[in-house]
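Working through the structure, step by step
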Amino acid sequence: MKAIIPVAGVGTRLRPHTFSQPKVLLNVAGKPIIGHIMDKLIAAGIDEAIVIVGYLGNMVEEWLLTHYTIKFTFVYQSDLLGLAHAIWMCKPNIIDNEPLFIILGDTIFDADLDSVLKSPFSTLGVKKVDDPRRFGVAITDGNKILKLVEKPDTPVSNLAIVGLYFLPQSKSLFATIDHLIDNKIKTKGEYQLTDALQLMIEGGEKFTTFPVSGWYDCGKPDTLLSTNKILLQNNTTTKDYPSCIIVDPVFIADNAIIKNAIIGPNATIGEDSVITDAIIRDSIIGSEAKVIHIMLSHSIVGSNASITGNPHEISVGDYSEIQMG
Ligand code: UTP
């Protein structure tokens, strides 16, 4: 079965990291965001992916082709006109009414895809959230979706739509997006997938929901770091690093050089990085980065970046109180 993965976006909320790398290639818990997604899709039997690329798309394309052997088709979306438009661009690559699984490229998830991909009805992944005002939500009658509401002011439902969509028959989705585009129906300046799905529901198509037990957003620095922490949960290091203390869970790339350091908990240390005389916790350190003489917490250090602190030399008298900056 085919999956459509839109990853054309610029990732503005993750700047400066996305100036030189596409969001989906940012490392979280030891592999790029899109690597986590691909591993789950392939485990569920997806054998073909249509990836909508745009901003720094050649890097995504190269990484996927180097790391996976399933069939890929890359579709270039040069104008970011919205998710519905991105999906619409895949139309020439879709055969007749074939089933489709759509997943946003920045959404790492845990869900029972085996049963989802057998659903006879279109079905959307949802997760219960405490504050639905920040999300698109699905109002259901307990079984089928009655309505989709974008960022509701009043709490009409706490089932947030998380970016996983299965359509056993894709024809009506494309026909509906055709209608949005022909009539220039945009919301907040973009062709929205939610608008297309809502029109399909209004047209009488049955949509259900499926539960997504884990939904790990990677769209902002703080969510990237909390996702890193969650995904590292069961990681343990077996390698011995003389003169270092490793506080699991951590991910340390095999060829990283670590000396006189305390690493962890919740630290991802990228390939070929050099960490000496440093303390790093709750952080992501990119590949070939250098971190020397410094303590980092809740930090993201990009690939090839270098951070060097100064060891302090002081002579402190009895009863002194000093706070170092
Ligand atoms: P987002 O709007 O959350 O991601 O779109 P973004 O644009 O990359 O990030 P910000 O908002 O600038 O920080 C969700 C997903 O849909 C894709 C994005 O690449 C992302 O994976 N998308 C969105 C497209 O491929 N094309 C579009 O026109 C819009």
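Heads up: these notes are all about the structure in this document.

About the criteria used
- Residues numbered from 1 in each chain as written.
- Predicted model: local features only at pLDDT ≥ 70, side-chain atom pairs only at ≥ 80, totals over all residues.
- Heavy atoms only, no water.
- Helix = DSSP H or I, 4+ residues; strand = E, 2+ residues; numbered from the N terminus.
- Buried < 20%, exposed > 50% of the residue type's maximum accessible area, 1.4 Å probe, protein only.
- Polar contact = N/O pair within 3.5 Å; in protein donor to acceptor, adjacent residues only side chain to side chain.
- Contact = heavy atoms within 4.5 Å.
- Salt bridge = Lys/Arg side-chain N within 4 Å of Asp/Glu carboxyl O.
- Core = buried A, V, L, I, M, F, W, Y, C linked by side-chain atoms within 4.5 Å.
- Pairing = 2+ DSSP bridges.
- Axes fitted to C-alpha atoms, helices over the stretch in contact; angles between N-to-C directions.

This next bit is on the environment of Pro-311. Turning to its location among the elements, Pro-311 is positioned in the segment after strand 25 (306–308). Relative accessible area serves as the criterion here: at 52%, Pro-311 is assigned to the exposed category. Each C-alpha atom of the pair Pro-311 and Gly-142 lies 61 Å from the other, and the pair is 169 residues apart in sequence.

Bringing the side chain of Gln-77 into the picture now. For Gln-77, the location among the structural elements is in the loop between strand 5 (71–76) and helix 4 (83–88). Polar side-chain contacts of Gln-77 include one of 3.0 Å to the side chain of His-85. The contacts of Gln-77, once residues within four sequence positions are left out, are Ala-8, Ile-52, Val-53, Gly-54, Gly-82, His-85, Ala-86 and Met-89.

Okay, unusual backbone geometry next. For the bond from Arg-15 to Pro-16, the omega torsion is 10 degrees, close enough to zero to count as cis. Relative to the helices and strands, Pro-16 resides in the loop between strand 1 (2–6) and helix 1 (17–20). Residues Gly-264 and Pro-265 are joined by a peptide bond in cis, for which omega reads 0 degrees. When you line up the elements, Pro-265 lands in the loop between strand 17 (262–263) and strand 18 (267–269). For Lys-184, which is not a glycine, the phi torsion comes out positive at approximately 50 degrees. According to the relative accessible area criterion, Lys-184 is exposed, its value standing at 63%.

Moving on to the pattern of salt bridges. In the structure shown here, the tally under the stated rule is eight salt bridges. A salt bridge links Lys-31 to Asp-39, with the nearest nitrogen and oxygen atoms 2.5 Å apart. For Lys-31, a relative accessible area of 29% translates into the label partly exposed. Note on Asp-39: relative accessible area 30%, which makes it partly exposed. Note that Lys-151 is salt-bridged to Glu-150, the shortest N-O span being 3.8 Å. Its relative accessible area of 40% is what places Lys-151 among the partly exposed residues. Glu-150 sits in the partly exposed class, given a relative accessible area of 39%.

Attention shifts here to the nonpolar core. Nonpolar side chains in soluble globular proteins generally cluster together in the buried interior. With 42 residues, the main nonpolar core has Ile-34, Leu-41, Leu-64, Phe-72 and Phe-101 as its most contacted residues. A total of five residues in this core trace back to one element, the largest contributor, which is helix 2 (residues 33–43). The contact partners of Leu-41, leaving out residues within four places of it in the chain, are Ala-3, Ile-5, Ile-46, Phe-101, Ile-103, Phe-109 and Leu-113. Grouped together as the second largest cluster of nonpolar side chains are 33 residues, Ala-8, Val-75, Leu-167 and Ala-196 included.

Moving on to the sheet that holds strand 25. In spatial order, the strands read 16-19-22-25; together these four strands make up an open sheet with parallel pairing. Every other strand in the sheet has two partners, leaving strand 16 (257–259) and strand 25 as the edge strands with one partner each. Shown here is a sheet whose adjacent strand axes are inclined to one another by a mean of 5 degrees, direction ignored. The pairing of strand 16 with strand 19 (residues 274–276) spans three bridges and is parallel. Looking across to strand 19, one finds that Ile-258 is bridged to Ile-275.

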